[in-house]
Amino acid sequence: MPKTQPNLYAFRNVDSLATALRGYVVQSQNAGFNRHDSFKVAVSGGSLPKTLAQALLAPSSGPEDVIDFTKWEIFFADERAVALDHADSNYGLLKSELLDKIPADQQPTVHPIDTTYLDDTQELADQYEKSLVGSFASRDSVRLPIFDLILLGCGPDGHTCSLFPGHPLLRETDAWVSPIEDSPKPPPRRITLTLPVVTHAVRVAFVATGGGKKDIMKQIFDSLEATLPCSLVNEASGERCSWFVDEPAVEGVGFPRKAFL
Ligand SMILES: O=C(O)[C@H](O)[C@@H](O)[C@H](O)[C@H](O)COP(=O)(O)O
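Residues numbered from 1 in each chain as written. Predicted model: local features only at pLDDT ≥ 70, side-chain atom pairs only at ≥ 80, totals over all residues. Heavy atoms only, no water.

Before going further, it helps to examine the environment of A208. With respect to the element layout, A208 can be found in strand β9 (residues 204-208). Spatially, the C-alpha atoms of A208 and T192 are 19 Å apart, while their sequence positions differ by 16 residues. Those residues within four positions of A208 in sequence are excluded, and the remaining contacts are C154, K213, W243, F244, V245, D246 and A249. (Helix = DSSP H or I, 4+ residues; strand = E, 2+ residues; numbered from the N terminus. Contact = heavy atoms within 4.5 Å.)

If you want it as structure tokens, here you go:
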């Protein structure tokens, strides 16, 4: 069977991207509600939380466009081994951009790292894996957790989550969550969902904006060789993977764009 291709959606600006991203997240949420009455989503750091907040905090456009955060379970696709109130914390970033702006009686369930284990990234990863087991299923009964949606960014070197080009962690096949002590993007000590978990999600979405991304976007979409972490996600997830980008990020990219309907 031929492999399916990812969806590349390009927008004039971040405002129109955020509107489409909202529609996509609401669809993913509703599909999750239909499947198991909750929405299990993982988010990364970087610029994503800001764009996501813009999308999710916008007023509803009608009865088809309703977000029920109380049934959301939010996990972190990757997290830095720092305190939750540290400037480098992805939880802290999501909190200030999004969670603090959601009314108290509508708060989602959020799964931050257990900062008791900051000194030992293997233990930090193992404990985070346990929180996935608690929410999804025991490791004996499922090979991999199935997120309803994983929301990712794309680094200028083609990394995503804390999965970096050429890093041995890309070959991890057993763990759901792994430590990394030598992240080329600071800070070096982190934990990350592994590639099999990312590519096993019902849907995966990347958000990448700005002209600084165009060279790596050309490599990801126009090169036949899939070695970059973002390319590996594209290859394994195919049409379950969608990219929300602005025009400057895909300037010169030949890969066909789709209209977001
Ligand atoms: O914690 C992190 O460092 C991120 O999860 C990382 O994977 C990020 O998503 C990319 O580096 C893209 O970052 P930008 O969106 O800021 O370019």
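Turning next to the state of the cysteines. Put plainly, a disulfide is one covalent bond tying together the sulfur atoms of two cysteines. Within the structure shown, the criterion is met by 0 disulfides. With no disulfide partner, C161 has as its closest neighbouring cysteine sulfur the one in C230, 8.9 Å distant. For the unlinked cysteine C241, the closest cysteine sulfur is that of C230, found at 8.6 Å. (Disulfide = S-S within 2.5 Å.)

Moving on, we get to helix α7 (residues 229-237). In an α-helix, one turn spans 3.6 residues; hence positions three or four apart end up facing the same way. With 7 of 9 residues buried, α7 is to be regarded as a mostly interior element. Residues of α7 that are buried make contact with α5 (195-200), β9, α6 (214-222) and β10 (241-246). After α7 finishes, the residue G238 shows a positive phi value of roughly 50°. (Buried < 20%, exposed > 50% of the residue type's maximum accessible area, 1.4 Å probe, protein only.)

It is worth spelling out the UniProt feature "domain: Glucosamine/galactosamine-6-phosphate isomerase" (unreviewed entry) in the chain at this point. Annotation from UniProt places "domain: Glucosamine/galactosamine-6-phosphate isomerase" (unreviewed entry) at residues 14-238. Span residues 14-238 is 35% helix and 14% strand, its end C-alpha atoms 24 Å apart. (UniProt positions renumbered as here; feature names shortened; annotations may be inferred.)

A few words on the pattern of salt bridges. On inspection of all chains with the given rule, the structure shows 10 salt bridges. A salt bridge links K3 to E235, with the shortest nitrogen-to-oxygen separation between them at 4.0 Å. Placement of K3 in the segment before β1 (7-11) and of E235 in helix α7 is noted, with a sequence separation of 232 residues between them. Classification of K3 by relative accessible area gives exposed; the value is 61%. Classification of E235 by relative accessible area gives partly exposed; the value is 40%. K40 serves as the salt-bridge partner of E73, at 3.5 Å between the closest nitrogen and oxygen. Here E73 is found in strand β3 (residues 72-76), whereas its partner K40 is found in strand β2 (residues 39-43), with 33 residues between them in sequence. You'll find E73 and K40 in the same group, each marked buried. (Salt bridge = Lys/Arg side-chain N within 4 Å of Asp/Glu carboxyl O.)

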